[in-house]
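Working through the structure, step by step
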Amino acid sequence: MSPPSRLVVGVPLYPDWTESESSQKHASSGDKQPTQWHHNVIEEPRRFVSLGFQDVAWAFVFVAHVTGITMVAAYNVRAFVSGELFSKRPDLFPSTAAPVTVEAHHGSSPPSLIELGAGLVIAALVTSLLLTAVRFFAASFIRASITFSVVMCAVMCVSAIAAGSILMAALFALCTVGSIMWYFAVLPRVPFSSYLLSLSSALVARYYGVLVATVVMIKLVALYVAAWIVAIAAAVVYYAPVMPRSQGRNLAVPRHAADHSEQSIGTAALFLAFLFCLFWTVQVASNVIHVTACGLAATYYFAGPVHMPRNPSWASFKRSITTSFGSICFGSAVVAFLQVLRFIAHELRRADNNFIRCIAECLIACVEALVERINVYAFSYMAIYGTSYIESGRRAMDLLFTAPEGFEAIINDCLVLPAIRFAILTGTLLAFLLAFLVLGAPMAAMVAGLTAACLSVYLSSVYAATVTVFLCFADCPSAAEGSNPQLHDDLTTLVRRGYMAFPAAYVPSPSLLSPHLHTYGTVV
């Protein structure tokens, strides 16, 4: 029958993982290889074929822009640090003859090494505690997040009544009733979403290469931001138009609209170009990690826990920065462009807060949110099949807007994302409380911020894995029947119990086992 290596070719592409290696691996572990594989996997090898490098032009453009900013920053970093760079443009950066001194105030001394170490320990403990809780009590977090929204709507309704605002009270009362109805409507689907969340959390915890890749990308983004700051300062100094002076007043920042000129348009365009580069780079780094986590989850789904190849996270990360990197840059550029448009709309609304500009900003924000949601599934398809961004986006839109499983995908997001945000909020508040009791208020804020950042980074990978397992099951629910029977039976059982719109999952399966579900809290 079909060898297990054939199942994972292209998911996410393990050309060096051979059947003999699989046999040796499982012979050493004492596992017996299954003798049968599902016919869908064998008959549809196109799902697992490498398509080569995709959207290469976008990768070249991205690398060229990063190289350019890095070179500009390297050339001007010494002048930037010494302040010589700013002295060349007194019209933009008025010089100060007296050096800036910082006076120490009583009671505001910097934290000691012991306090910093204690803060790191508290942040690490709270982060570990919350991640373990999400893995074992995913359903409780989903229910708690919905309950929290109900309570907040009710509190806002009572506050509006106390303030005498009848209209706002009526709106929040409707929101409260709607949240209660939503809770009971999605209650049958909570076990399915909580199962995916628990499984994904266990996957990311076991194959921690995703977290290592995340740390690497964070460091690279930090270096890029430092270079970006130096580069934009140099660009403003050398290329921004010289602003005139009148009556001793610096006109670099005009006070009235009449002070604007054609010269200021060039400065604004330069700033927006740099802003786009910053948004683009942050999006690319975030999506590289997203694709890495998606590739890991897809490998687990199609290969199963017994036939997982060596270093699946590293293989997925390698693919995200090679064959799929151009597609990631393409999709990230679309979102970055919309973010720049929303920034422009926001600044225009601040200058003149009229109805038209407010509606324009709202529409751009809605389009941005829609594109980001499509990108989540497009990048998942990209991680699974190695397709281009256009093809992946088309498949994502087909799933979300035309397939019967698209409605379930939206509901699953509406359950998982609030639960993740509630977990981050809970961990942040808990870390702040513990640090406040042990270290005091100044350190408490730092510890809370560090905890929120760690939870956000970790749970973003968990969410990506959740989306991918859902997508794999929606796209090919029978593929896991041969590679991962327990996962297939559990998901099929949950779908049937929740009366969910997965037509293929309702096909009678002779391998459907007992109604007892496998837990992924400790072992994957």
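The model shown is predicted, which means the values in this text are computed figures rather than measured ones.

Next up on the list: the overall build of the protein. Scanning the protein from terminus to terminus reveals 19 helices and 2 strands. Within the protein, buried positions represent 46% of all 524 residues. Taking contacts inside the protein between residues at least 6 apart in sequence as the whole, the part at least 24 apart equals 81%. Counting only carbon and sulfur atoms, one obtains 70% of the accessible surface of the protein, whose full area is about 26300 Å².

What follows covers the nonpolar core. Counting residues in hydrophobic clusters, the biggest one holds 104 residues, and the most contacted among them are Phe192, Tyr301, Tyr377 and Leu459. The element that contributes the greatest number of residues to this core is helix α17 (residues 441-475), accounting for 18 residues. Among residues more than four places away in sequence, those in contact with Tyr377 are Ala396, Leu399, Leu400, Ala409, Asp413, Val467 and Leu471.

Moving on, we get to the packing of aromatic side chains. One pair of aromatic rings is described through two measures. These are the centre distance and the angle between the planes. Considering all chains together, one arrives at 18 aromatic pairs under this definition. Here the aromatic rings of Phe62 and Phe325 are separated by 5.7 Å at their centres, their planes lie at 70°, and the arrangement is edge-to-face. Within this pair, whereas Phe62 is found in helix α4 (residues 56-82), its partner Phe325 is found in helix α13 (residues 325-351), the two being separated by 263 residues in sequence. Considered together, Phe62 and Phe325 belong to a single accessibility category, that of buried residues. For the ring pair Tyr183 and Phe184, a centre distance of 5.4 Å and an interplane angle of 90° mean the geometry is edge-to-face.

Now for helix α19 (residues 485-497). The end-to-end C-alpha distance of α19 is 18 Å, a good match for the 18 Å that 13 residues give at a rise of 1.5 Å each. Of the residues making up α19, those classed as buried are Leu487, His488, Asp489, Asp490, Leu491, Thr492, Thr493, Leu494 and Val495.

Spanning 26 residues, helix α7 (residues 138-163) covers 37 Å between terminal C-alpha atoms, matching the ideal 38 Å at 1.5 Å per step. All of the buried residues in α7 are Ala138, Ala139, Phe141, Ile142, Ser145, Ile146, Val150, Cys153, Cys157 and Ala160. Check the buried side of α7 and you find it contacts α6 (113-136), α8 (166-186), α9 (190-206) and α16 (405-438). Following α7 by one or two positions, Gly164 has its phi on the positive side, about 80°.

Quick look at unusual backbone geometry now. One non-glycine residue, Asp55, lies in positive phi territory at about 50°. When you line up the elements, Asp55 lands in the loop between α3 (39-43) and α4. Here Asn311, not a glycine, exhibits a phi torsion of approximately 50°, which is positive. Following the sequence through the fold, Asn311 ends up in the loop between α11 (262-303) and α12 (312-320). Since its relative accessible area comes to 55%, Asn311 is described here as exposed.

Here we take up the packing of α13 against helix α14 (residues 355-385). At a minimum axis distance of 9 Å, the contact between α13 and α14 shows a crossing angle of 165°. On the basis of their axis angle, the class for α13 and α14 is roughly antiparallel. The two elements α13 and α14 meet at a crossing, and its hand is left-handed. Across the contact of α13 with α14, the residue classes break down as 15 nonpolar, 6 polar and 6 charged.

With that settled, consider the environment of Val447. Relative to the helices and strands, Val447 is located in helix α17. Separated by 15 residues in the primary sequence, Val447 and Phe432 have C-alpha atoms spaced 6.5 Å apart. Setting aside residues no more than four positions away along its own chain, Val447 makes contact with Gly119, Ile122, Ala123, Ala431 and Ala435.

Moving on: the environment of Phe473. One can find Phe473 in helix α17. Phe473 sits in the buried class, given a relative accessible area of 1%.

Tracing the backbone through its elements, the reader meets Ser193 in helix α9. Within the local environment of Ser193, its side chain forms a polar contact with the side chain of Asn412, the two groups lying 2.8 Å apart. Excluding its chain neighbours within four sequence positions, the residues that come into contact with Ser193 are Ile142, Asn412, Leu415 and Val416.

Turning our attention to the confidence of the model for the protein. Per-residue confidence for the protein averages 78 on the pLDDT scale, and 75% of its residues sit at or above 70. Segment residues 245-260 is flagged for pLDDT under 50; beyond a separation of four residues in sequence, or across chains, it makes 15 contacts in the model. Contacts for the low-pLDDT stretch residues 508-524, under 50 throughout, to residues beyond four places or in other chains number 40 contacts.

There is a patch of nonpolar side chains on the surface, built from Tyr208, Val212, Val216, Leu220 and Leu223 and spanning about 510 Å² of accessible area. Positionally, Val212 belongs in helix α10 (residues 209-239). Overall, Val212 belongs to the partly exposed group, its relative accessible area being 45%.

In this structure, Ser320 sits in helix α12. Judged by its relative accessible area of 0%, Ser320 falls in the buried class. If we ignore the near neighbours within four places in the chain, the residues touching Ser320 are Val288, Val291, Thr292, Phe325 and Ile328.

About the criteria used
- Residues numbered from 1 in each chain as written.
- Predicted model: local features only at pLDDT ≥ 70, side-chain atom pairs only at ≥ 80, totals over all residues.
- Heavy atoms only, no water.
- Helix = DSSP H or I, 4+ residues; strand = E, 2+ residues; numbered from the N terminus.
- Buried < 20%, exposed > 50% of the residue type's maximum accessible area, 1.4 Å probe, protein only.
- Contact = heavy atoms within 4.5 Å.
- Areas by Shrake-Rupley, 256 points an atom, 1.4 Å probe, with all protein chains shown as cover.
- Core = buried A, V, L, I, M, F, W, Y, C linked by side-chain atoms within 4.5 Å.
- Phe/Tyr/Trp six-rings, centres within 6.5 Å; stacked < 30°, edge-to-face > 60°.
- Expected span 1.5 Å × (residues − 1).
- Axes fitted to C-alpha atoms, helices over the stretch in contact; angles between N-to-C directions.
- Parallel < 35°, antiparallel > 145°, perpendicular 65-115°, else oblique.
- Left-handed = near helix turned anticlockwise from the far one by under 90°.
- Nonpolar A, V, L, I, M, F, W, Y, C, P; charged D, E, K, R; others polar.
- Polar contact = N/O pair within 3.5 Å; in protein donor to acceptor, adjacent residues only side chain to side chain.
- pLDDT = per-residue confidence, 0-100.
- Patch = residues over 30% accessible without salt bridge, like charges linked within 9 Å, V, L, I, M, F, W, Y side chains within 5 Å.
- Salt bridge = Lys/Arg side-chain N within 4 Å of Asp/Glu carboxyl O.

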